Amino acid sequence: MKVISTEKSQVFATRLARALKTTVVDVTYSRFPDGEHYLRTGDLDDETIIVGSVIDNDALVQLLLLIDACDSSENRLVIPYLAYARQDKRFHPGEPISIRAVAQIFSRGVSDITTVNIHDKDVLRYFSVPTRDISVARDLGEYINTLDLDNPLILSPDDGALAFARQVASVGGWDVDNLEKTRLSGVEVKMAPKQLCAKGRSVFIVDDIISTGGTIATAAGMLYGQGADNVYAACVHGVLTGGAYGRLMATGIRDVICSDTIERACSKLSAADGIAHALSTP
Ligand code: R5P
């Protein structure tokens, strides 16, 4: 059994291979003059663990090509970050259920699929092969523990991330609460006021995804206004669209922390060991 990955998941794939005590298959990636992707794999084993975060449309196509190149229905697919998961229903007539379309194409040519903190586990029903979703909540909690903060407050920016925030907080027995969020547009978020004991405290806002950073930047401004000492932003998937990182740091956020499901300079915890454990467990 070997690991193989798309171009933008190489570091993650190497960590996963190490955790599984195996190696990564060499892949040549290139493009045709018209922009089409091309790839060619090195020698494969009977069973291959195919790894690729779908962070953009190029990564999506590369992952599809890799599944086809590996060409065995025994292969297992790991998608640490799966874009399109937030369009999980028809919010307006005429819209696609994007995650359903994506799930259908990734359900061919592999025996099972592993994801990490997918936006809503309900979408796993759209895959037609067995799936499992692992969580890095404990890993994030353990990372927060290393900072040795006095009585930190773990906050979720909305109800959707509250279960995740509770899992993070359970690592240190820390306080947990949530803010209320109203999305005004793709980049504008309003945080409704809520009674929080943020004064004089270190606050961790934790979410599954930081995309534009609008959600957390708004919350951080509000929390500093309430006298928080330090505000940190943490997420599983650091999408960090456009100038998100800079926008967050400009609000006075102490640090931005994400996992390596998307490989970023601020990836400070890894989902690789959790995935290796899940793949090794029947
Ligand atoms: C939405 O439901 C997600 O859980 C995140 O809260 C959202 O994607 C964050 O987006 P942004 O960083 O653009 O505010």
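Keep in mind the model is a prediction, meaning the values are calculated, not measured. (Residues numbered from 1 in each chain as written. Predicted model: local features only at pLDDT ≥ 70, side-chain atom pairs only at ≥ 80, totals over all residues. Heavy atoms only, no water.)

So, the sheet that holds strand E7 (residues 131-134)
In step 1: The strand order across the open sheet built from five strands is E1-E4-E5-E6-E7, with neighbouring strands paired in parallel fashion. Every interior strand has two partners, whereas the edge strands, strand E1 (2-5) and E7, have only one. Averaged over neighbouring strand pairs, the angle between their axes works out to 20° when direction is ignored. (Pairing = 2+ DSSP bridges. Helix = DSSP H or I, 4+ residues; strand = E, 2+ residues; numbered from the N terminus. Axes fitted to C-alpha atoms, helices over the stretch in contact; angles between N-to-C directions.)

Things to note about the nonpolar core
In step 1: Counting 36 residues, the largest nonpolar core has Leu16, Leu140 and Ile154 as its most contacted members.
In step 2: For this core, the secondary-structure elements that each account for two or more residues are helix H1 (10-19), strand E4 (48-51), helix H4 (137-146), helix H5 (162-170), strand E12 (202-210), strand E13 (230-238) and helix H8 (272-280).
In step 3: The element that contributes the greatest number of residues to this core is H8, accounting for five residues.
In step 4: Structurally, this core is a two-domain feature, drawing no fewer than three residues from each of domain 1 (2-134) and domain 2 (137-269).
In step 5: Residues within four places of Ile154 in sequence aside, it is in contact with Ile144, Ala165, Val168, Ala169, Trp174, Asp175, Val176, Asp177, Phe204 and Val206. (Core = buried A, V, L, I, M, F, W, Y, C linked by side-chain atoms within 4.5 Å. Buried < 20%, exposed > 50% of the residue type's maximum accessible area, 1.4 Å probe, protein only. Domains from an automatic or database assignment. Contact = heavy atoms within 4.5 Å.)

A short note on the domain arrangement of the chain
In step 1: Domain annotation for the chain reports domain 1 (2-134) and domain 2 (137-269).
In step 2: Its C-alpha centre places domain 1 at a distance of 28 Å from the equivalent point of domain 2.
In step 3: Regarding the contact of domain 1 and domain 2, the summed buried area is about 1100 Å², with carbon and sulfur atoms giving 54% of it.
In step 4: The closest approach of N and O atoms between Asp260 and Arg15, which form a salt bridge, is 2.8 Å.
In step 5: The leading source of residues in the side of domain 1 that touches domain 2 is H1, at four residues. (Buried area = accessible area lost by both parts, 1.4 Å probe. Salt bridge = Lys/Arg side-chain N within 4 Å of Asp/Glu carboxyl O.)

Observations regarding a negative patch on the surface
In step 1: A surface patch of negative charge is lined by Asp43, Asp45, Asp46 and Glu74.
In step 2: With respect to the helices, strands and loops of the structure, Glu74 is situated in the loop between helix H2 (57-70) and strand E5 (76-79). (Patch = residues over 30% accessible without salt bridge, like charges linked within 9 Å, V, L, I, M, F, W, Y side chains within 5 Å. Areas by Shrake-Rupley, 256 points an atom, 1.4 Å probe, with all protein chains shown as cover. Lys, Arg positive; Asp, Glu negative; His and termini not counted. Charge placed at Lys NZ, Arg CZ, Asp CG, Glu CD.)

With respect to the pairing of strand E8 (residues 153-156)
In step 1: Where burial is concerned, the two faces of E8 agree: the one with Leu153 and Leu155 and the one with Ile154 and Ser156 are both buried.
In step 2: Pairing analysis gives four bridges linking E8 to strand E9 (residues 175-178), with the strands arranged parallel. Paired with Ser156 across the two strands is Asn178, which belongs to E9.
In step 3: The pairing of E8 with E12 spans three bridges and is classified as parallel. Bridging across to E12, Ile154 finds its partner in Phe204.

Comments concerning the site of the ligand
In step 1: The ligand sits among 13 residues. The nearest are Arg86, Asp207, Asp208, Thr212 and Thr215.
In step 2: Between an oxygen atom of the ligand and a side-chain N or O atom of Asp208, the distance comes to 2.5 Å.
In step 3: Coverage of the ligand by the protein amounts to 88% of the 380 Å² it exposes when considered alone.
In step 4: Of all the elements in the fold, those that place two or more residues in the shell around the ligand are strand E10 (180-183), E12 and helix H6 (214-225).
In step 5: With four residues, the single largest contributor to the shell around the ligand is E12.
In step 6: In the shell around the ligand, the residues fall into two nonpolar, six polar and five charged. (Near = heavy atom within 4 Å. Polar contact = N/O pair within 3.5 Å; in protein donor to acceptor, adjacent residues only side chain to side chain. Nonpolar A, V, L, I, M, F, W, Y, C, P; charged D, E, K, R; others polar.)

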